[in-house]
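Chain residues, written in single-letter form:
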Amino acid sequence: MKFFTIIIALWVATLGYAHPHLHWTPPGPGDVRGPCPMLNSLANHAYLPHDGKNIDVAITKKALLDALNIDEDLGQFLFDNAITTNPVPNATAYSLADLSRHNILEHDASFSRQDAHSGPQDVFDAKTFAETQSYWHGPVINVTMAAQARQARIRTSNATNPEYSLSPLGVGFSLGEAAAYLIILGDRENHTARKNVVEYLFENERLPTKLGWQRPEPLVTFVELQNVMGKLYNETDLDIRTLARRGMHG
Ligand code: HEM
Ligand code: MG
C-alpha cells in the first residue's frame, strides 16, 4: 500500500514538471483542416476537435489556453473573427475549413500557402514557404527577418497575381500571424524565435515539443501581440505599408 502511494505521488509530481501535450495524430478521412498552421496543429493534438468541425467559443478559448496559454480576451477576439467565416446565419461554431474562405480572414501573400488565384489557399506549399524561409537568415528569426519575409511575400503576390488584394483586416491578420509565431514559438523578451522550431510547426502541423519548445509562460495577451505587430510594421518599407493597405486592385 505504502509502495503504491509513493509511486502515485512520484507520478503526480512529474505532471507539474513540464506541461504534457496531448497526443498527436494526423488528420484522417472526413477530418477538415484550414489555412492556419497552429489551429491545424491543435486539431492534430485534439486540443480542438480532431475532425476540425463544430468549434464553438468555449472550445476555442480552452484550446488556446490549455495548449498555448493565450488569455481569454485574445481567445474571444480570435473566436469573434473566426465565426464570421461560417456562412450559416447566426452560427455559434465554425470549422477549420470555413477559415479558408477567401478574403474573409484568409488573405493573399501568405507565408506558406498559395494565393487563392493560383492554387489551394489552405494547404501547406513548400515553394511558397521557401520564399519566406529565404529571409530567415541563420538559426534565429528576429523582427527584421520576419518583417522582410512578410513584405517579400506581399511584393511577389502583388507582382504575380492579377487578382491580388489585401484588405485592412488582411493586413492586420498578416502582421498578427508573424507576431504570433515570434511570441508563441519564441523568446518573448527579444522577440525572436528559433528557425527550426517555426519550420517544424509549419511543415508538420505539430507542436514542436521534441525540439524543446514549451507552452509559453506567462499568459499571452492582445497587448503583447499588438506590441510585436507594431515592431513588424515599423520594419516594413513605406511602399509596402501603403500597398498592403489599399491592395493593387481592391
Ligand atoms: C494563418 C486564423 C490562431 C499562427 C491563419 C489564417 C487564418 C487564421 C484564417 C490564414 C491567413 C492566410 O491567408 O495566411 C486563426 C484563428 C485563430 C488562430 C481563427 C484562433 C482561433 C493562431 C495562433 C497562432 C497562429 C494561436 C500562433 C502561432 C498563424 C500563422 C499563420 C496563420 C503563423 C500564417 C500561415 C501562412 O501565412 O502560411 N490563421 N489563427 N494562428 N496563423 Fe492562425
Ligand atoms: Mg492565404
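What counts and what doesn't
- Residues numbered from 1 in each chain as written.
- Chains lettered and ligands numbered in written order.
- Predicted model: local features only at pLDDT ≥ 70, side-chain atom pairs only at ≥ 80, totals over all residues.
- Heavy atoms only, no water.
- Donors = N, O, S within 2.8 Å, 3.2 Å for Na, K, Ca; no water.
- Buried < 20%, exposed > 50% of the residue type's maximum accessible area, 1.4 Å probe, protein only.
- Core = buried A, V, L, I, M, F, W, Y, C linked by side-chain atoms within 4.5 Å.
- Helix = DSSP H or I, 4+ residues; strand = E, 2+ residues; numbered from the N terminus.
- Contact = heavy atoms within 4.5 Å.
- UniProt positions renumbered as here; feature names shortened; annotations may be inferred.
- Lys, Arg positive; Asp, Glu negative; His and termini not counted.
- Salt bridge = Lys/Arg side-chain N within 4 Å of Asp/Glu carboxyl O.

J.: Looking at this structure, how should I read the coordination of the magnesium ion (ligand 2)?
T.: Six octahedral donors around a metal ideally subtend angles of 90 or 180 degrees, whereas four tetrahedral donors ideally subtend 109.5 degrees. At the metal site, the magnesium ion (ligand 2) is ligated by E106 (OE), H107 (O) and S110 (OG), and these contacts range over 1.9 to 2.2 Å. In terms of primary sequence, the donors binding the magnesium ion (ligand 2) are separated according to E-H-x2-S. Across the pair, exposure class does not vary: E106 and H107 are buried alike.

J.: Looking at this model, I keep getting lost on the nonpolar core. Mind explaining?
T.: One broad rule of soluble globular proteins: the nonpolar side chains tend to lie buried together. L42, L68, W136, Y181, L182, L185 and L232 are the most contacted members of the largest nonpolar core, which has 56 residues in total. Of all the secondary-structure elements, those providing two or more residues to this core are α2 (37-44), α3 (57-68), α4 (72-82), α6 (143-160), α7 (168-185), α8 (195-204) and α9 (222-234). Per-element accounting of this core gives the leading share, ten residues, to α7. Discounting residues that sit within four places of it in the chain, L68 has contacts with M38, L42, A63, I184, L207, W213, R215, P216 and V220.

J.: It is not clear to me how the UniProt feature "domain: Heme haloperoxidase family profile" (unreviewed entry) in the protein should be interpreted in this structure. Could you clarify?
T.: Within this structure's numbering, the places UniProt gives as "domain: Heme haloperoxidase family profile" (unreviewed entry) are residues 20-227. Counted over residues 20-227, helix gives 44% and strand 4%. Its end C-alpha atoms are 29 Å apart.

J.: Can you walk me through the side chain of K195 in this structure?
T.: Counting through the fold element by element, K195 comes out in helix α8. One buried charged residue, K195, remains without a salt bridge, the closest side chain of opposite sign being E199 at 4.7 Å. Apart from the residues within four sequence positions on either side, K195 is in contact with W136, G138, P139, V140 and I141.

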